[in-house]
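# A closer look at the structure
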Amino acid sequence: LEKEEIADFCIAPVTTANDLAITLVPLTAARPGFEASYKLVYENVGTTQLSGNVELDFDGTLVTFVEATPTETSISGNTVSWEYSNLNPFEIRSIEVIFEVAQPPIVESGDVLPYIARVNPVSGDAAPDDNIFQLNQIAVNSYDPNDKQVLEGYQVLIDDADEYLHYV
């Protein structure tokens, strides 16, 4: 059995500050007619415990909300929301979100899919600029079943010609 140890350090913040931050990271490419996955990462970079909500705005003519983990608290028009509570200083939480990208001609390669993520409360935040994150993801060509990628890179040296190649 492992013994849990608790160590208390005599460290205290010299000031109190409410400070949240959010980022929206695409996990997959946005391909017309297919699902695209994203990770919403929100964190408490301040010194006080906070509660509030996370919102994600999307263009409902270009993408359709499919699901999220954890499950959303509400959907209102083109805004998906999640409530959060007791977010401790330096704590990071994330939400995985899936959207269905519209098929051509609605979305075609090169089109921009705009998303705006917000973490609230913004009022009283020490750095409110990082409470909002805008992602303008560019749609790429539809999935090609013949698309093969070599993990070793774009070129293979003649010295490595007898080595194995790994395909995706």
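See the structure above.
Each chain has its residues counted from 1, following the order in which its sequence is written. Under the rules for a predicted model, residues below a pLDDT of 70 receive no local features and side-chain atom pairs below 80 are neither given nor counted, while totals for whole chains, interfaces and linings still include all residues. To get the side-chain values, take all heavy atoms of the structure and skip hydrogens and water.

### Points about the pattern of salt bridges
A side-chain nitrogen of Lys or Arg and a carboxyl oxygen of Asp or Glu constitute a salt bridge if their distance falls within 4 Å. Applying the stated criterion across every chain yields a total of 4 salt bridges. Put simply, R118 and E55 hold a salt bridge, and the shortest N to O gap is 2.9 Å. Placement of R118 in strand β8 (residues 112-120) and of E55 in strand β3 (residues 50-58) is noted, with a sequence separation of 63 residues between them. Comparing R118 with E55 shows no difference in burial state: the two are buried. Of the charged contacts, one joins R118 and D57 as a salt bridge, the two residues approaching to 2.8 Å between their closest N and O atoms. Separated by 61 residues along the polypeptide, R118 in strand β8 and D57 in strand β3 bring together distant segments of the chain. Of the two residues examined, R118 and D57, each falls in the buried class. Several salt bridges share partner residues, and in doing so they unite E55, D57 and R118 into one network. Runs of H or I in DSSP of at least four residues are treated as helices and runs of E of at least two as strands, each being numbered from the N terminus. Relative accessibility decides the category of a residue: with a 1.4 Å probe and only protein chains considered, values under 20% of the type maximum give buried, values over 50% give exposed, and everything between is partly exposed.

### Topic: the nonpolar core
Ranked by internal contacts, the top residues of the largest apolar core, which has 32 residues, are L40, V54, L56, W82, V97, F99 and Y115. Sorting the residues of this core by element identifies β1 (20-26), β2 (35-44), β3, β4 (63-69), β6 (79-87), β7 (92-101) and β8 as the ones contributing at least two each. Any two residues whose heavy atoms approach within 4.5 Å at even a single point are treated as in contact. Setting aside anything within four residues of it in sequence, one finds Y115 in contact with L24, Y38, L56, D57, F58, V63, F99, F133, Q134, L135 and Q137. For the purposes of this section, nonpolar cores are sets of buried Ala, Val, Leu, Ile, Met, Phe, Trp, Tyr and Cys residues that join through side-chain atoms within 4.5 Å.

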